[in-house]
Amino acid sequence: MRQLVTIERICLIGHIAAMAFGLAGLILVIPNPEFILSLSKFGQDVFQVSMANGGVGYIVLGAAAVAIYAYRVLGVRQWLGFMLPAVVLSLSSELLGTSTGFPFGHYQYLSGLGYKIAGLVPFTIPLSWFYLGFSAYLLARAGLENTRIAPWIQQVGAIALGSILLTAWDLVLDPAMTQTAVPFWQFQEVGEFFGMPYRNLSGWIGTGVVFMTVAAIVWEKKPLNVQRSQLLVPLTVYLVNFAFGAVITVTSLDSRFLIPTALGLLVGVVPAIVLWWMAAPTSTEEAISNSDGVKPDNAENLVVSPVKMLAK
(Lines give C-alpha, C1' and ligand atoms only; values in the text may rest on other atoms or scores of the structure.)
Protein backbone atom coordinates (compact mmCIF):
# COMPACT_ATOMS: atom_id res chain seq x y z
CA MET A 1 0.00 0.00 0.00
CA ARG A 2 2.90 2.37 0.74
CA GLN A 3 4.13 1.93 -2.83
CA LEU A 4 0.69 2.81 -4.15
CA VAL A 5 0.67 5.99 -2.09
CA THR A 6 4.08 6.92 -3.50
CA ILE A 7 2.98 6.31 -7.09
CA GLU A 8 -0.26 8.21 -6.47
CA ARG A 9 1.65 11.23 -5.16
CA ILE A 10 4.12 11.13 -8.04
CA CYS A 11 1.22 11.12 -10.51
CA LEU A 12 -0.54 13.94 -8.66
CA ILE A 13 2.60 16.08 -8.50
CA GLY A 14 3.24 15.36 -12.18
CA HIS A 15 -0.37 16.30 -12.98
CA ILE A 16 0.01 19.65 -11.22
CA ALA A 17 3.48 20.30 -12.68
CA ALA A 18 2.26 19.57 -16.21
CA MET A 19 -0.60 22.03 -15.79
CA ALA A 20 1.78 24.67 -14.42
CA PHE A 21 4.09 24.17 -17.40
CA GLY A 22 1.12 24.36 -19.75
CA LEU A 23 -0.04 27.59 -18.12
CA ALA A 24 3.40 29.14 -18.55
CA GLY A 25 3.47 28.14 -22.20
CA LEU A 26 -0.05 29.34 -22.99
CA ILE A 27 -0.06 32.68 -21.17
CA LEU A 28 3.62 33.67 -21.18
CA VAL A 29 5.58 31.99 -23.97
CA ILE A 30 3.17 31.71 -26.92
CA PRO A 31 2.06 35.39 -26.73
CA ASN A 32 5.79 36.31 -26.91
CA PRO A 33 7.16 34.49 -29.99
CA GLU A 34 10.47 36.32 -29.72
CA PHE A 35 11.23 34.17 -26.67
CA ILE A 36 10.71 30.99 -28.69
CA LEU A 37 12.91 32.32 -31.50
CA SER A 38 15.66 33.08 -29.00
CA LEU A 39 15.87 29.41 -28.00
CA SER A 40 18.37 27.01 -29.53
CA LYS A 41 17.19 24.46 -32.07
CA PHE A 42 17.11 21.85 -29.32
CA GLY A 43 15.14 24.20 -27.04
CA GLN A 44 12.60 24.90 -29.75
CA ASP A 45 12.17 21.18 -30.42
CA VAL A 46 11.66 20.48 -26.71
CA PHE A 47 9.13 23.29 -26.44
CA GLN A 48 7.17 22.04 -29.46
CA VAL A 49 7.09 18.47 -28.17
CA SER A 50 6.04 19.55 -24.68
CA MET A 51 3.28 21.81 -25.95
CA ALA A 52 2.03 19.12 -28.35
CA ASN A 53 1.90 16.44 -25.66
CA GLY A 54 1.38 18.45 -22.48
CA GLY A 55 -2.42 18.17 -22.62
CA VAL A 56 -2.25 14.40 -22.94
CA GLY A 57 0.30 14.17 -20.13
CA TYR A 58 -1.57 16.16 -17.51
CA ILE A 59 -4.87 14.37 -18.17
CA VAL A 60 -3.33 10.88 -18.09
CA LEU A 61 -1.43 11.68 -14.87
CA GLY A 62 -4.58 13.11 -13.27
CA ALA A 63 -6.62 10.06 -14.20
CA ALA A 64 -3.89 7.74 -12.88
CA ALA A 65 -3.64 9.60 -9.58
CA VAL A 66 -7.40 9.52 -9.00
CA ALA A 67 -7.70 5.89 -10.09
CA ILE A 68 -5.01 4.79 -7.61
CA TYR A 69 -6.59 6.94 -4.90
CA ALA A 70 -10.05 5.44 -5.54
CA TYR A 71 -8.68 1.90 -5.39
CA ARG A 72 -6.64 2.60 -2.27
CA VAL A 73 -9.30 4.46 -0.27
CA LEU A 74 -12.56 2.90 -1.49
CA GLY A 75 -11.63 -0.46 -3.04
CA VAL A 76 -11.96 -2.12 -6.43
CA ARG A 77 -15.79 -2.10 -6.56
CA GLN A 78 -16.15 1.63 -5.97
CA TRP A 79 -13.19 2.51 -8.18
CA LEU A 80 -14.35 0.55 -11.22
CA GLY A 81 -18.00 1.18 -10.36
CA PHE A 82 -17.38 4.86 -10.99
CA MET A 83 -14.62 4.87 -13.60
CA LEU A 84 -16.24 2.50 -16.10
CA PRO A 85 -19.63 4.29 -16.27
CA ALA A 86 -17.91 7.68 -16.32
CA VAL A 87 -15.59 6.77 -19.18
CA VAL A 88 -18.12 4.81 -21.27
CA LEU A 89 -21.07 7.19 -20.84
CA SER A 90 -19.07 10.41 -21.22
CA LEU A 91 -17.40 9.03 -24.36
CA SER A 92 -20.84 8.10 -25.70
CA SER A 93 -22.07 11.67 -25.03
CA GLU A 94 -18.98 13.15 -26.68
CA LEU A 95 -19.27 10.92 -29.77
CA LEU A 96 -22.96 11.79 -30.03
CA GLY A 97 -22.20 15.48 -29.53
CA THR A 98 -19.45 15.68 -32.14
CA SER A 99 -21.63 13.74 -34.60
CA THR A 100 -25.06 15.31 -34.10
CA GLY A 101 -24.72 18.38 -31.87
CA PHE A 102 -26.64 16.75 -29.02
CA PRO A 103 -26.29 17.23 -26.06
CA PHE A 104 -23.53 19.89 -26.07
CA GLY A 105 -24.12 21.80 -29.30
CA HIS A 106 -22.20 21.52 -32.57
CA TYR A 107 -18.45 21.37 -31.94
CA GLN A 108 -15.31 19.56 -32.97
CA TYR A 109 -11.98 18.72 -31.35
CA LEU A 110 -8.77 20.07 -32.81
CA SER A 111 -5.27 18.70 -32.21
CA GLY A 112 -3.30 18.56 -28.97
CA LEU A 113 -5.27 16.11 -26.83
CA GLY A 114 -4.12 12.81 -28.29
CA TYR A 115 -5.48 10.08 -30.56
CA LYS A 116 -9.12 10.59 -31.53
CA ILE A 117 -11.54 7.73 -31.06
CA ALA A 118 -13.52 7.24 -34.30
CA GLY A 119 -11.66 10.30 -35.55
CA LEU A 120 -13.85 12.51 -33.34
CA VAL A 121 -13.03 12.47 -29.62
CA PRO A 122 -9.52 12.41 -28.08
CA PHE A 123 -9.04 9.38 -25.80
CA THR A 124 -8.08 11.77 -23.00
CA ILE A 125 -11.49 13.44 -22.83
CA PRO A 126 -13.40 10.59 -21.10
CA LEU A 127 -10.45 10.27 -18.70
CA SER A 128 -10.91 13.89 -17.69
CA TRP A 129 -14.64 13.31 -17.17
CA PHE A 130 -13.70 10.44 -14.87
CA TYR A 131 -11.18 12.12 -12.62
CA LEU A 132 -13.04 15.43 -12.27
CA GLY A 133 -16.42 13.71 -11.99
CA PHE A 134 -15.12 11.33 -9.33
CA SER A 135 -13.57 14.17 -7.32
CA ALA A 136 -16.78 16.22 -7.49
CA TYR A 137 -19.07 13.31 -6.60
CA LEU A 138 -16.93 12.03 -3.73
CA LEU A 139 -16.72 15.50 -2.15
CA ALA A 140 -20.50 15.86 -2.41
CA ARG A 141 -21.28 12.40 -1.08
CA ALA A 142 -18.79 12.49 1.79
CA GLY A 143 -19.97 15.94 2.84
CA LEU A 144 -23.66 15.03 2.81
CA GLU A 145 -23.05 11.70 4.58
CA ASN A 146 -22.00 13.61 7.69
CA THR A 147 -25.43 15.28 7.99
CA ARG A 148 -28.70 14.16 9.54
CA ILE A 149 -30.74 14.31 6.35
CA ALA A 150 -32.42 11.14 5.08
CA PRO A 151 -30.11 8.70 3.23
CA TRP A 152 -32.12 8.87 0.01
CA ILE A 153 -31.81 12.67 0.02
CA GLN A 154 -28.08 12.28 0.56
CA GLN A 155 -27.91 10.02 -2.51
CA VAL A 156 -29.90 12.37 -4.75
CA GLY A 157 -28.13 15.42 -3.35
CA ALA A 158 -24.68 13.94 -4.02
CA ILE A 159 -25.59 13.31 -7.67
CA ALA A 160 -27.05 16.81 -8.07
CA LEU A 161 -24.20 18.61 -6.30
CA GLY A 162 -21.54 16.48 -7.98
CA SER A 163 -22.95 17.34 -11.41
CA ILE A 164 -23.08 21.04 -10.57
CA LEU A 165 -19.46 21.02 -9.35
CA LEU A 166 -18.46 19.26 -12.57
CA THR A 167 -20.30 21.80 -14.71
CA ALA A 168 -18.83 24.72 -12.74
CA TRP A 169 -15.41 23.58 -13.98
CA ASP A 170 -16.66 23.89 -17.56
CA LEU A 171 -17.56 27.55 -16.98
CA VAL A 172 -13.84 28.35 -17.05
CA LEU A 173 -12.62 25.38 -19.11
CA ASP A 174 -14.62 26.00 -22.28
CA PRO A 175 -13.60 29.66 -22.73
CA ALA A 176 -9.97 28.72 -22.01
CA MET A 177 -9.98 25.86 -24.51
CA THR A 178 -12.01 27.44 -27.34
CA GLN A 179 -11.42 31.21 -27.42
CA THR A 180 -7.73 31.71 -26.68
CA ALA A 181 -4.74 31.80 -29.03
CA VAL A 182 -4.30 28.01 -28.90
CA PRO A 183 -7.77 26.37 -28.96
CA PHE A 184 -8.21 22.63 -28.36
CA TRP A 185 -11.81 22.44 -29.58
CA GLN A 186 -14.25 24.83 -31.21
CA PHE A 187 -17.98 25.38 -31.37
CA GLN A 188 -19.50 25.51 -34.83
CA GLU A 189 -22.40 27.70 -33.77
CA VAL A 190 -22.74 31.06 -32.07
CA GLY A 191 -22.84 30.51 -28.32
CA GLU A 192 -25.27 32.62 -26.30
CA PHE A 193 -23.37 32.23 -23.03
CA PHE A 194 -19.90 33.76 -23.51
CA GLY A 195 -19.36 31.75 -26.67
CA MET A 196 -20.92 28.56 -25.28
CA PRO A 197 -24.41 27.35 -26.26
CA TYR A 198 -26.70 27.09 -23.25
CA ARG A 199 -27.30 23.46 -24.14
CA ASN A 200 -23.59 22.82 -23.60
CA LEU A 201 -24.14 23.51 -19.91
CA SER A 202 -27.27 21.39 -19.74
CA GLY A 203 -25.36 18.65 -21.58
CA TRP A 204 -22.63 18.73 -18.96
CA ILE A 205 -25.12 18.53 -16.10
CA GLY A 206 -27.09 15.77 -17.83
CA THR A 207 -24.02 13.66 -18.63
CA GLY A 208 -22.77 14.04 -15.07
CA VAL A 209 -26.16 13.07 -13.63
CA VAL A 210 -26.30 9.94 -15.82
CA PHE A 211 -22.93 8.43 -14.97
CA MET A 212 -23.06 9.52 -11.32
CA THR A 213 -26.47 7.87 -10.99
CA VAL A 214 -25.10 4.63 -12.41
CA ALA A 215 -22.12 4.84 -10.04
CA ALA A 216 -24.43 5.52 -7.07
CA ILE A 217 -26.41 2.38 -7.91
CA VAL A 218 -23.22 0.31 -8.11
CA TRP A 219 -21.90 1.82 -4.85
CA GLU A 220 -25.22 1.08 -3.13
CA LYS A 221 -26.41 2.95 -0.02
CA LYS A 222 -23.68 1.86 2.38
CA PRO A 223 -21.86 4.83 3.97
CA LEU A 224 -18.40 5.42 2.55
CA ASN A 225 -17.01 6.56 5.92
CA VAL A 226 -14.43 8.78 4.22
CA GLN A 227 -12.88 11.27 6.63
CA ARG A 228 -12.04 14.87 5.85
CA SER A 229 -8.29 14.28 5.73
CA GLN A 230 -8.85 11.48 3.20
CA LEU A 231 -10.53 13.93 0.81
CA LEU A 232 -7.45 16.06 0.23
CA VAL A 233 -6.64 14.35 -3.08
CA PRO A 234 -10.07 14.92 -4.72
CA LEU A 235 -10.21 18.45 -3.27
CA THR A 236 -6.74 19.24 -4.62
CA VAL A 237 -7.56 17.77 -8.04
CA TYR A 238 -10.76 19.80 -8.25
CA LEU A 239 -9.17 23.09 -7.18
CA VAL A 240 -6.05 22.91 -9.36
CA ASN A 241 -8.05 21.95 -12.46
CA PHE A 242 -10.48 24.79 -11.87
CA ALA A 243 -7.54 27.16 -11.33
CA PHE A 244 -5.96 26.00 -14.60
CA GLY A 245 -8.99 27.00 -16.66
CA ALA A 246 -9.69 30.13 -14.62
CA VAL A 247 -6.16 31.54 -14.95
CA ILE A 248 -6.15 31.05 -18.73
CA THR A 249 -9.62 32.56 -19.06
CA VAL A 250 -8.92 35.61 -16.90
CA THR A 251 -5.47 36.39 -18.32
CA SER A 252 -6.12 35.62 -22.00
CA LEU A 253 -9.66 36.91 -22.55
CA ASP A 254 -11.36 40.24 -21.92
CA SER A 255 -13.01 41.37 -18.71
CA ARG A 256 -16.42 39.97 -19.74
CA PHE A 257 -15.14 36.53 -18.85
CA LEU A 258 -14.80 37.50 -15.21
CA ILE A 259 -18.54 36.74 -15.04
CA PRO A 260 -18.40 32.99 -15.85
CA THR A 261 -15.24 32.74 -13.74
CA ALA A 262 -16.96 34.31 -10.74
CA LEU A 263 -20.02 32.11 -11.32
CA GLY A 264 -17.77 29.04 -11.40
CA LEU A 265 -16.19 30.08 -8.11
CA LEU A 266 -19.61 30.59 -6.56
CA VAL A 267 -21.22 27.31 -7.63
CA GLY A 268 -18.07 25.19 -7.81
CA VAL A 269 -15.08 26.14 -5.69
CA VAL A 270 -16.96 27.45 -2.66
CA PRO A 271 -19.33 24.45 -2.40
CA ALA A 272 -16.41 22.03 -2.92
CA ILE A 273 -14.53 23.51 0.03
CA VAL A 274 -17.68 23.60 2.17
CA LEU A 275 -18.47 19.96 1.37
CA TRP A 276 -14.90 18.97 2.22
CA TRP A 277 -15.25 20.73 5.58
CA MET A 278 -18.63 19.08 6.19
CA ALA A 279 -17.12 15.59 5.87
CA ALA A 280 -16.40 13.57 8.99
CA PRO A 281 -13.32 14.81 10.86
CA THR A 282 -10.34 12.55 11.42
CA SER A 283 -10.80 10.02 14.22
CA THR A 284 -8.04 11.62 16.34
CA GLU A 285 -9.44 15.11 15.93
CA GLU A 286 -12.94 13.95 16.84
CA ALA A 287 -11.67 12.08 19.90
CA ILE A 288 -9.86 15.15 21.19
CA SER A 289 -12.89 17.35 20.57
CA ASN A 290 -15.22 14.91 22.34
CA SER A 291 -12.91 14.43 25.32
CA ASP A 292 -12.86 17.99 26.60
CA GLY A 293 -14.80 20.07 24.10
CA VAL A 294 -11.75 22.26 23.45
CA LYS A 295 -9.62 22.11 20.34
CA PRO A 296 -5.93 22.05 21.36
CA ASP A 297 -3.42 24.54 20.00
CA ASN A 298 -1.80 21.96 17.75
CA ALA A 299 -5.05 20.42 16.47
CA GLU A 300 -4.55 21.98 13.06
CA ASN A 301 -1.62 19.61 12.57
CA LEU A 302 -4.03 16.69 12.63
CA VAL A 303 -5.43 17.65 9.22
CA VAL A 304 -2.64 17.63 6.67
CA SER A 305 -2.77 20.38 4.09
CA PRO A 306 -2.56 19.48 0.38
CA VAL A 307 0.88 21.13 0.18
CA LYS A 308 2.23 19.16 3.17
CA MET A 309 0.68 15.96 1.82
CA LEU A 310 2.47 16.36 -1.52
CA ALA A 311 5.74 17.25 0.17
CA LYS A 312 5.90 14.04 2.19
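Residues numbered from 1 in each chain as written. Predicted model: local features only at pLDDT ≥ 70, side-chain atom pairs only at ≥ 80, totals over all residues. Heavy atoms only, no water.

Student: Pulling in residues and values, what's your account of the nonpolar core?
Tutor: Membership of the largest hydrophobic core comes to 75 residues, with the highest contact counts inside it found for F82, F130, Y131, F134 and L231. When neighbours within four sequence positions are excluded, L231 is seen to be in contact with Y69, L138, L139, A142, V226, W276 and A279. (Core = buried A, V, L, I, M, F, W, Y, C linked by side-chain atoms within 4.5 Å. Buried < 20%, exposed > 50% of the residue type's maximum accessible area, 1.4 Å probe, protein only. Contact = heavy atoms within 4.5 Å.)

Student: Tell me what's going on with unusual backbone geometry, and back it up with residues and numbers.
Tutor: Look at the link from F102 to P103: it is a cis peptide, with omega at 10°. Structurally, the position occupied by P103 is in the loop between α4 (76–100) and β1 (107–109). Unlike most non-glycine residues, E220 shows phi in positive territory, near 65°. Tracing the sequence through the fold places E220 in the loop between α7 (198–219) and α8 (232–252). On the basis of relative accessibility, which here comes to 35%, the residue E220 falls in the partly exposed class. (Helix = DSSP H or I, 4+ residues; strand = E, 2+ residues; numbered from the N terminus.)

Student: I'd like a rundown of the environment of E192, residues and numbers included.
Tutor: Structurally, the position occupied by E192 is in the loop between β4 (185–187) and α7. Apart from the residues within four sequence positions on either side, E192 is in contact with P197 and Y198. From its side chain, E192 meets the backbone nitrogen of Y198 in a polar contact 3.2 Å long. (Polar contact = N/O pair within 3.5 Å; in protein donor to acceptor, adjacent residues only side chain to side chain.)

Student: Before we move on, could you go through the packing of α8 against helix α9 (residues 258–278) and cite the residues and values that matter?
Tutor: The geometry of α8 relative to α9 is characterised by a closest axis approach of 11 Å and an angle of 170° between their N-to-C directions. By the criterion of interaxial angle, the relationship of α8 to α9 is roughly antiparallel. The segment α8 lies against α9, with L232, L235, Y238, L239, F242, A246, T249 and V250 engaging L258, T261, G264, L265, G268, V269, A272, I273 and W276. (Axes fitted to C-alpha atoms, helices over the stretch in contact; angles between N-to-C directions. Parallel < 35°, antiparallel > 145°, perpendicular 65-115°, else oblique.)

Student: Go over the side chain of S163, please, and point to the residues and values.
Tutor: For S163, the location among the structural elements is in helix α6 (residues 151–178). When sequence neighbours within four positions are dropped, the list of residues in contact with S163 reads I205, G208, V209 and M212.

Student: Any chance you could break down the pattern of salt bridges for me, citing the residues and the numbers?
Tutor: All chains considered together, the criterion is met by six salt bridges. In this structure, R199 engages E189 in a salt bridge whose closest nitrogen and oxygen atoms are separated by 3.1 Å. With a gap of 10 residues between them, R199 in helix α7 and E189 in the loop between β4 and α7 connect regions that are remote in the sequence. Overall, R199 belongs to the partly exposed group, its relative accessible area being 36%. With relative accessibility at 24%, the residue E189 sits in the partly exposed group. A salt bridge links R256 to D254, with the nearest nitrogen and oxygen atoms 3.1 Å apart. According to the relative accessible area criterion, D254 is partly exposed, its value standing at 39%. (Salt bridge = Lys/Arg side-chain N within 4 Å of Asp/Glu carboxyl O.)

Student: I'd like a description of the UniProt feature "transmembrane region" (unreviewed entry) in the protein, backed by residues and values.
Tutor: Within the UniProt annotation, "transmembrane region" (unreviewed entry) is assigned to residues 12–31, 51–71, 78–97, 117–140, 152–169, 201–219, 231–251 and 257–279. Summarising residues 12–31: 90% helix, 0% strand, and an end-to-end C-alpha distance of 28 Å. (UniProt positions renumbered as here; feature names shortened; annotations may be inferred.)

Student: I'd like to hear about α7, residue by residue, with values.
Tutor: Its 22 residues give α7 an end-to-end C-alpha distance of 32 Å, which sits within 8% of 32 Å, the value for a rise of 1.5 Å per residue. The first or second residue beyond α7 is E220, which carries a positive phi of 65°. (Expected span 1.5 Å × (residues − 1).)

Student: Lay out the packing of α6 against α7 in plain terms, naming residues and giving numbers.
Tutor: Between α6 and α7, whose axes approach to 8 Å, the crossing angle comes to 140°. For the element pair α6 / α7, the angle class is oblique. Classified by chirality, the crossing of α7 by α6 is right-handed. Contacts from Q155, I159, G162, S163, L166, T167, W169, D170, L171, L173 and D174 in α6 reach N200, L201, W204, I205, G208, V209, F211, M212, T213 and A216 in α7. The residue makeup of the contact of α6 with α7, split by class, is 12 nonpolar, seven polar and two charged. (Left-handed = near helix turned anticlockwise from the far one by under 90°. Nonpolar A, V, L, I, M, F, W, Y, C, P; charged D, E, K, R; others polar.)

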